[in-house]
Amino acid sequence: MDWRQLWDIASAPDNVPIVGLMPLLAFYIYLGWKQARATDALIGELETSPAMAKTHHRKTWPFRPGWQKEVHVWPFLLRIEFLAAIIVTIVLMIWSITLNAPLEEPANPNLTMNPAKAPWYFLGLQEMLVYFDPWIAGVVMPTLIIIGLMVIPYIDTNPLGSGYYTWKQRKFAIGTFLFGFIILWVAMIIIGTFIRGPGWQWFWPGQTWDHNRLIYEVNRDLPDLFGITSNLAKAIFGAVIVGGYYLLGGFILHALFRRYNPKDYQRMSLLQYSIMMFFLLTMVALPLKMLLRLAWHIKYVWITPWFNV
Amino acid sequence: MAEENQNGKNGNRVSLLQRVKAGMKEDVESLKTDLPAKAKEQIDGLKDPTKTQVYTSIFRHKHDDTPRNRALGVLSNVFLHLHPAKINRDAVRYSYTWGMGGITFYLFIVLTFTGVLLMFYYHPSKIQAFRDVLYLEHDVPFGKLLRNMHRWAAHLMVIAVWLHMFRVFLTGSYKKPREFNWNVGVILLVLTLLLSFTGYLLPDDQLGFWAVTVGTNMARATPLLGHEGPFGPLLHMTPYNDVRFGLLGGSIVDANALLRSYIWHCIGIPIVASIFMIVHFWRVRKDGGISGPAPVMLASEVKEKR
Ligand code: HEM
């Protein structure tokens, strides 16, 4: 266990934000989860007792008749905002006094940094470079992430759970978002920051970075495993595999979705449904491709003269 | 009398001199009595400055603690009027919004302020940039603190935006009627990341240089528009005319890239982001204020469209 190495990584000034992000995220997940549980308990009660559903004010916080439903922004909100601004300023001051922003040697195109890492918030995409060609990891994925986020309000047809924390009423939506945000985004950033060392190789936390380490990895392409040699056959084979994944995967997801989310399924238009399916399948494809690579050293699935997937 | 005087008949004619004397006496008298009285009145007035014209021209309402004045305090202030006068009693609970949107905005202000100060010391040229940062760190009073605050506020802002988006998602606040504002938010998220990224190159050190090199190398592979991307060569893309060239102003990260970064970072993106923020805040109000905490809705109460 090389504590020194671990400390060097964790205390690199530009990595400190990620070290800070992890407990913050844990705290806010807890905060959201706690409130969701309370709301879900209330929902359960109201569902079993229609009489209560008629009279209850339907929030988890106490309320008595006679209490005002609204409060003045001044002072009740503004004092919190001013306090928050002061606290943020103090935190920022202390952070800035105790930790210096990094400044390396002057830029030198002839002296490659190893590892050369993007800023931490893009490390998830850089990690994807291991499994995908740059045009996918660097261009297609960011575009899909942006579009995917933008379509969320238009494909989530579930009218429940607007304006309060809940798990019970939105299992599918919240589960999917957590998968995308925590696993596919934050976890990849953490791998990129703490695990990737020189040559973008995998070093466990606490393992010494060996700048001369070479890994003899023989990567194969999927068509090779099937003994396909001609270019045309490879292209067709890949198209069939990828198309097959979307068709078969789509079918499985469809079977699950209409069973477990029948109401949403009914509410969704064909367009909404196919957009959702496309994004879901694409999201699920990432860990699958990673698995192919890590477990069977498979580099490409689909090889064409113009692009490889 | 005037007539008689004019006619010059049997009048006790008052000499001009006497008239002037009497007039002046009156003037002096008035100086003695009126002036102190006025002065006293006005000094008394100053004891209550809220009655002065200057004051009433600035503050347009009274400040005694009445509900009306509390509301007016918010509504008649340009900086506060984005807020409504009153809000849902539970919406002020920190646990609901986590305050992350507000904190993001506050950090943006901090960044603008520290950023402008940094601009006083920084030249976006290959010769000067790195030295300017050294100069800031070692010679400019509080220069190091300034640079540190700008750097860490930027990182914090990225984290705050993510957490803000996370809570908006968890509370389902993107649902009708807030779909559009969620989209404005997504654009703000992208702009925030771009702001951070364009700033990374400015110190012109190894860290920024290689981060931006790695980042923009991906642009080479843009389908159709990059010289190493799928179908790029078919469209006659070369390192000297593809998107990466456009981003960097050259085929390598060099002086032009530094200048472009600088302009995007200090002028272009901040302006665009400010505009989107204005729209964002406006829409929060127009969409009915903060989404909750709303009364829970039960599955049995959903009215299905037929
Ligand atoms: C520069 C970045 C941003 C700033 C300064 C900002 C600021 C704010 C503020 C001050 C609010 C009021 C409520 C609160 O504080 O939570 C708000 C609400 C909202 N924001 Fe943002 N935001 C930003 C980015 C985003 C992003 C990335 C998203 C989503 C992708 C988003 C979506 C929303 C939505 C839907 C609301 C309404 C929430 C509700 O009614 O509960 N915003 N934003």
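Residue numbers restart at each chain and count upward from 1, following the sequence in its written direction. Working convention: letters from A go to chains and numbers from 1 go to ligands, in the order in which they are written. Owing to the predicted nature of the model, reporting of local features is limited to residues with pLDDT of at least 70; listing and counting of side-chain atom pairs is limited to 80 or more, with chain, interface and lining totals taken over all residues. Based on all heavy atoms of the structure, the side-chain values leave hydrogens and waters out of the count.

### What about the nonpolar core?
- The criterion is simple. A nonpolar core is a set of buried Ala, Val, Leu, Ile, Met, Phe, Trp, Tyr and Cys residues joined through side-chain atoms within 4.5 Å. Working definition: with a 1.4 Å probe on protein chains only, accessible area under 20% of the residue-type maximum means buried, over 50% means exposed, and in between means partly exposed. In this structure, Trp120 and Tyr121 of chain A together with Trp162 and Trp182 of chain B are the most contacted members of the largest nonpolar core, which totals 101 residues.
- Runs of E in the DSSP output that reach at least two residues are strands. Runs of H or I that reach at least four are helices, and both are numbered from the N terminus. The biggest single contributor to this core is helix 8 (residues 143-170) of chain B, with 17 residues.
- With residues up to four places along the chain from it excluded, the contact list for Trp182 of chain B reads Leu149, Met150, Ile152 and Pro153 of chain A together with Met165, Val168, Phe169 and Tyr174 of chain B. Contact between two residues is taken to exist if any of their heavy atoms lie within 4.5 Å; hydrogens are not considered.

### Some words on the packing of helix 7 (residues 134-155) of chain A against helix 9 (residues 179-200) of chain B
- Angles shown run from 0 to 180 degrees and are taken between the N-to-C directions of axes, each axis being a line fitted to C-alpha atoms and, for helices, limited to the stretch in contact. Interhelical geometry of helix 7 of chain A versus helix 9 of chain B gives an angle of 165 degrees and a closest axis separation of 8 Å. The angle between helix 7 of chain A and helix 9 of chain B falls in the class roughly antiparallel. Judged by the sense of rotation from one axis to the other, the crossing of helix 7 of chain A with helix 9 of chain B is right-handed. Note on element contacts: helix 9 of chain B touches helix 7 of chain A through Glu179, Phe180, Trp182, Asn183, Val186, Ile187, Leu189 and Val190 of chain B, opposite Ile146, Leu149, Met150, Ile152, Pro153 and Tyr154 of chain A.
- Considered class by class, the residues forming the contact of helix 7 of chain A with helix 9 of chain B number 12 nonpolar, one polar and one charged. Convention used here: angles under 35 degrees read as roughly parallel, angles over 145 as roughly antiparallel, angles from 65 to 115 as roughly perpendicular, and any remaining angle as oblique. Here a crossing is called left-handed whenever its near helix is offset anticlockwise from the far helix by less than a right angle, and right-handed whenever the offset is clockwise. Each residue gets one label: Ala, Val, Leu, Ile, Met, Phe, Trp, Tyr, Cys and Pro are nonpolar, Asp, Glu, Lys and Arg are charged, and the others, such as Gly, are polar.

### A short note on the domain arrangement of chain A
All names here are of chain A.
- The source of the domain bounds is an automatic or database domain assignment. Its domain assignment divides chain A into domain 1 (1-70 + 117-132 + 153-209) and domain 2 (216-309).
- Its C-alpha centre places domain 1 at a distance of 27 Å from the equivalent point of domain 2.
- Contact residues are listed per partner, giving 15 residues for domain 1 and 16 residues for domain 2.
- Each of two parts loses accessible area, computed with a 1.4 Å probe, when they are put together; buried area is these two losses added. The contact between domain 1 and domain 2 buries some 1600 Å² in all, and 76% of this surface belongs to carbon and sulfur atoms.
- When the area that domain 1 buries against domain 2 is broken down by residue, the three leading residues are Tyr131, Ile155 and Phe172, summing to 39%.

### A short note on the site of the ligand
Residues and elements named next belong to chain B.
- Not every one of the 25 residues close to the ligand is listed here, only the nearest: His164, Arg167, Gly185, His280 and Ser291.
- In protein, a polar contact requires one atom able to donate a hydrogen and another able to accept it; more generally it is a pair of N or O atoms within 3.5 Å, and residues adjacent in sequence count only if both atoms are side-chain atoms. At a separation of 2.8 Å, a nitrogen atom of the ligand approaches a polar side-chain atom of His164.
- One of the side-chain nitrogen or oxygen atoms of Arg167 is found 2.9 Å away from an oxygen atom of the ligand.
- Looking at the shell around the ligand, the elements that each hand over two or more residues are helix 6 (100-119), helix 8, helix 9 and helix 12 (255-286).
- Per-element accounting of the shell around the ligand gives the leading share, six residues, to helix 9.
- Classifying every residue of the shell around the ligand by side-chain character gives 12 nonpolar, 11 polar and two charged. Neighbouring residues are identified by heavy atoms, a residue being near a molecule or strand if any of them is within 4 Å of it.

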